[in-house]
Number of protein chains: 6
Amino acid sequence: MKNIAVYPGSFDPVTRGHIDIIDRSYKLFDEIHIVTFINSSKSYTFSEDERVELIKKSLIEKNIPMENIIVTHSRDLVANYCKNVNASAVIKGIRNTTDFDNEFSQALLNRELVGIETLLMPTSTIFSFVSSTFVKNVAEYDGNISDFVTDAVENALKIKNADKPLVC
Amino acid sequence: MKNIAVYPGSFDPVTRGHIDIIDRSYKLFDEIHIVTFINSSKSYTFSEDERVELIKKSLIEKNIPMENIIVTHSRDLVANYCKNVNASAVIKGIRNTTDFDNEFSQALLNRELVGIETLLMPTSTIFSFVSSTFVKNVAEYDGNISDFVTDAVENALKIKNADKPLVC
Amino acid sequence: MKNIAVYPGSFDPVTRGHIDIIDRSYKLFDEIHIVTFINSSKSYTFSEDERVELIKKSLIEKNIPMENIIVTHSRDLVANYCKNVNASAVIKGIRNTTDFDNEFSQALLNRELVGIETLLMPTSTIFSFVSSTFVKNVAEYDGNISDFVTDAVENALKIKNADKPLVC
Amino acid sequence: MKNIAVYPGSFDPVTRGHIDIIDRSYKLFDEIHIVTFINSSKSYTFSEDERVELIKKSLIEKNIPMENIIVTHSRDLVANYCKNVNASAVIKGIRNTTDFDNEFSQALLNRELVGIETLLMPTSTIFSFVSSTFVKNVAEYDGNISDFVTDAVENALKIKNADKPLVC
Amino acid sequence: MKNIAVYPGSFDPVTRGHIDIIDRSYKLFDEIHIVTFINSSKSYTFSEDERVELIKKSLIEKNIPMENIIVTHSRDLVANYCKNVNASAVIKGIRNTTDFDNEFSQALLNRELVGIETLLMPTSTIFSFVSSTFVKNVAEYDGNISDFVTDAVENALKIKNADKPLVC
Amino acid sequence: MKNIAVYPGSFDPVTRGHIDIIDRSYKLFDEIHIVTFINSSKSYTFSEDERVELIKKSLIEKNIPMENIIVTHSRDLVANYCKNVNASAVIKGIRNTTDFDNEFSQALLNRELVGIETLLMPTSTIFSFVSSTFVKNVAEYDGNISDFVTDAVENALKIKNADKPLVC
């Protein structure tokens, strides 16, 4: 039986912190699904297709072999997606205790719903403060984000910000 | 003098975690008030009347005796409500350190405002990941929520979701 | 039926923080037991009798009425003590998330063992940093501890330290 | 070389907790800049000019000498502002672990962006639960906020609330 | 290449919480090593051989298939052990933020030392408060520990406590 | 008036994490005192003189200018030492929420005792998991500690471990 892991997230957009988690975890499983989910109460900077595309481009840019990696989006519950693809584990990166509290509750919920396990992976120290929100905030002010995202994402954010009316 | 406790919350909607707190705390006091409050910066799925109604129905469903339990809603500050009914304590359930930080600050504020004490009660382990937000999110995708809410709430959520336009 | 609470601790020695918890909680119950317990893996500065004595003297010094307060020591488990006296709740003060993690686990254990509830009470802000360990450490260097402990405890610590060989 | 610190925030509005941080930190530096920043995803109760004005009035009310204190607003990144004024440190108050997680990430980001250090200062215990959000919430219900904000801010909030349509 | 995980610990003695982690994780890997380590600054209730023996007996008692499970002890660093057996991951259970802080630091250290990844697994809610220390403490007072440990461990603790001089 | 900071600690032994805090903070003050303190309930690997010596050697090794840096030891309370040298601030590094809880309480105590402020400085990410205890533990097993301590400390630990009887 194949050992399948699911790495769910907003990935709005994917950061070097996310890519690092993928790079460190894909060897531990026969197949890994990187899946963008949507939360009806949030609004997103990038569309689902754009988010998937930026993940793919970032993985290629970082020379991560794509054979056993599936990148896709879903409008279902994380738990349901996992059940449908017969996954044995959810992978999540954690940076601090606030992340931990969130992921802990989410992990218990998913286990209750479909019996899926969650494996929490400490973020690499150099990415411990990187989040999609921080990256977008810095990009909005033309700050340098090349340490936090791949070139593909940096360019995509430049285009988004060029289209946007100025703050104030 | 009667020993009165107030259990404040959004209860949007009430979960089995909330009911568990009520079930464990009502015997410790002569009277307990379960009160839905509103926060002008939040939007709610259920109206105040609906939330009160669902609490009442859930208590009956769980066979909790209603003699010394008052279920109501308020548009005042929690602190003011407590003072008006001469309460000696606020009751709150806590699941993790994020809850703890929030409730700790709120407890100190309420004590400063009207001298009321707050008693924090650890959530039962089996409900430690249950929140109104999680429940609504699962229900939105037709996930099974019967372990997390009473039948009354499950039905009410089904009706709400049937009325709602589809996500996307 | 009498509503009995147990406030367990090392109380080695009792601080103004502990007294504050007693002062704020004794009115919420018909009877409150303040009980010093021993942990076989710890060593104590004061004997069980001394610790009980210092609690009693401190309560008198602070004019807290003793009618419904029992101060005693026990060599049993907290859970067993509670069951034996028919207590309905354990009271504990909490200062921060480290306290919270400890008391949360202990509360769940005690509930599992004998069905007793635990009510966690936020420490008053002015005592949020006071602990028996801090007090003893400051006293060892002849620092001023009168804001942190009653006169009875301050004197008892002076005598203890006079008897002790100098640090180094 | 002058030792310059920047104290950034929303200050919407400034509280006695903020003023306390300023009062305790301005002596440690040759110059301190108190700067209101804006976050394009938040909405504010007070305009940038009002927030700056309320900080100035509050400092005067508390008799804090203004010689080496600059109060201003910025629409840049905190990191960029610091670099532009040649600051050697960012000052932030912290109340609890949730604050800590936020400020820790922000501190690491700012250091990465422009090499600026962040010094975290524990809030005074008596203000440990005071936040702009709490203050506005209490004011909305005509609660007494004079322990939490200066007279200038109290009056400004009264005027704001008089202008506002009633909650529901 | 075989995917090997190491589950390190004191296991002094193994609890149902540990067994639960093993039961949930062994299917995710081709081989799992459960290894008791020693910390020269700690003293232990059970010898290394006894701890290994109790893990084995507990796994059999719980009908966990032993084909791909190795139970052993080591006097090396966790990181070195992992490198020697060519492990790809360390598995650890976490119950709360205190656990998280410890395991996070340990995970970063091990990764720095030998490049090994650590996967943190949330403890099942029903075991969230169970620790070897709690279990030994309850057993010392003849409390009922059958919900927390296997029969093998319960008996072993009874024998240990019978041999021990009474507390006080 | 000179702006003096005190950086207190066990420094048993000093790590690259400590040196990093010194390197980042000494420019913010006119004078910085690095002071090893003793806690009568702890036992130390290095004597007070050795610890002071290793700090000095490490600073020289890292080319940190010593003009305004005083390295010494004290057997007084941190608060008293600060008062005696007319310090305006205590500096402490923090790595996570457990550190934060400890330092927060200590900071409030020191402020209460002698009015001294404490400035908490986030540890650099690359040292976020480094502690004296970890370093000694790794050294005990001949692990490579050169990323965590200076050459001076590495050599001193080798000599200590050579003198020590083997573990077990």
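Cut-offs used in this document
- Throughout this document, residue positions are counted from 1 along each chain, in the order its sequence is written.
- A letter from A marks each chain and a number from 1 marks each ligand, given out in the order of writing.
- It should be noted that, the model being predicted, local features are given only for residues of pLDDT at least 70 and side-chain atom pairs only at 80 or more, the latter also being counted only at that level, while totals for whole chains, interfaces and linings use all residues.
- No hydrogens and no water enter the side-chain calculation; it runs on all heavy atoms of the structure.
- The contact rule is simple, with two residues in contact once any of their heavy atoms fall within 4.5 Å.
- By buried area we mean the combined loss of accessible area, with a 1.4 Å probe, across both parts when two parts are placed together.
- In what follows, salt bridge is the name for a side-chain nitrogen of Lys or Arg lying within 4 Å of a carboxyl oxygen of Asp or Glu.
- Counting of polar contacts relies on pairs of N or O atoms within 3.5 Å, with two restrictions inside protein: one atom must be capable of donating a hydrogen and the other of accepting it, and residues adjacent in sequence are counted only when both atoms are side-chain atoms.
- Here the term charged refers only to Asp, Glu, Lys and Arg, the term nonpolar to Ala, Val, Leu, Ile, Met, Phe, Trp, Tyr, Cys and Pro, and the term polar to all other amino acids, Gly among them.
- pLDDT is a residue-level measure of predictor confidence that goes from 0 to 100.
- The cut-offs for exposure are 20% and 50% of the maximum accessible area for each residue type, with area from a 1.4 Å probe on protein chains only; residues under the lower value are buried, those over the upper are exposed, and the others partly exposed.
- Going along the chain from the N terminus, every DSSP run of H or I of four or more residues is numbered as a helix, and every run of E of two or more is numbered as a strand.
- Two strands qualify as a pair provided DSSP detects at least 2 bridges between them.
- A clockwise path from the first strand over the helix to the second, with the strands pointing away from the viewer, defines a right-handed crossover.
- By this rule, a helix spans an expected 1.5 Å times one less than how many residues it contains.

Visitor: Sorry, what's going on with the interface of chain D and chain C here?
Guide: How big an interface is tends to be stated in terms of the accessible area lost upon association of its parts. Contact with chain D, which involves 5 residues of that partner, is made by 5 residues of chain C. On the chain D side of the interface with chain C, the three residues burying the most area are Thr-97, Thr-125 and Ile-126 of chain D, jointly 87% of the side's total. Counting across the interface, chain D meets chain C through 0 salt bridges. Counting every contact that joins chain D to chain C gives 0 residue pairs in polar contact (both at pLDDT 80 or more). Split into classes, the residues belonging to the side of chain D that touches chain C amount to 2 nonpolar, 3 polar and no charged.

Visitor: For this particular structure, what's the right way to read the confidence of the model for chain A?
Guide: Low-pLDDT stretches of the model should not have their predicted coordinates read in fine detail. Residues at a pLDDT of 70 or more form 98% of chain A, whose mean pLDDT is 93. Here the complex is predicted with pTM 0.93, and the ipTM for its interfaces comes to 0.91.

Visitor: Just checking my understanding: could you explain the pairing of strand E4 (residues 89-94) of chain C for this structure?
Guide: Each regular strand displays side chains that alternate between the two surfaces of the sheet. Residues and elements named next belong to chain C. Extensive coverage of E4 is indicated by the burial of 5 of its 6 residues. Looking at chain direction, strand E1 (residues 4-9) and E4 are connected through 2 bridges and run parallel. Note on E4: the bridge partner recorded for Val-6 is Val-90. By the bridge criterion, 6 bridges tie E4 to strand E5 (residues 117-122) in an arrangement that is parallel. Across the sheet, Ile-91 pairs through a bridge with Leu-119, a residue of E5. Running through helix H4 (residues 97-114), the crossover from E4 to the neighbouring parallel element E5 is right-handed.

Visitor: Help me understand the arrangement of the chains, please; the structure alone is not making it clear to me.
Guide: There is a clear gap between chain A and chain C: no contact, and 11 Å between their nearest C-alpha atoms. There is no contact between chain B and chain F; across them, the least C-alpha separation is 11 Å.

Visitor: What am I meant to see in the environment of Leu-119 of chain F here?
Guide: Tracing the sequence through the fold places Leu-119 of chain F in strand E5 (residues 117-122). Using a relative accessible area of 0% as the deciding quantity, one classes Leu-119 of chain F as buried. When the C-alpha positions of Leu-119 of chain F and Asp-101 of chain F are compared, they lie 14 Å apart, and in sequence the two are 18 residues distant. Sequence-distant contacts of Leu-119 of chain F, defined by excluding residues within four places in its chain, comprise Leu-28, Leu-119, Leu-120 and Met-121 of chain D together with Phe-29, Ala-89, Val-90, Ile-91 and Lys-92 of chain F.

Visitor: Would you explain H4 of chain C in this entry?
Guide: In an α-helix, one full turn covers 3.6 residues, which means residues spaced three or four apart are oriented alike. All names here are of chain C. Relative to the 26 Å expected for 18 residues at 1.5 Å per residue, H4 spans 25 Å between its end C-alpha atoms, a close match to the ideal helical length. Considered for burial, the residues of H4 that qualify are Thr-97, Asp-99, Phe-100, Asp-101, Glu-103, Phe-104, Ser-105, Ala-107, Leu-108, Leu-109 and Asn-110. Its side-chain oxygen 3.2 Å from the backbone nitrogen of Thr-98, Asn-96 forms the N-cap of H4. Looking one or two residues past H4, Gly-115 carries a phi angle of roughly 75°, positive in sign.

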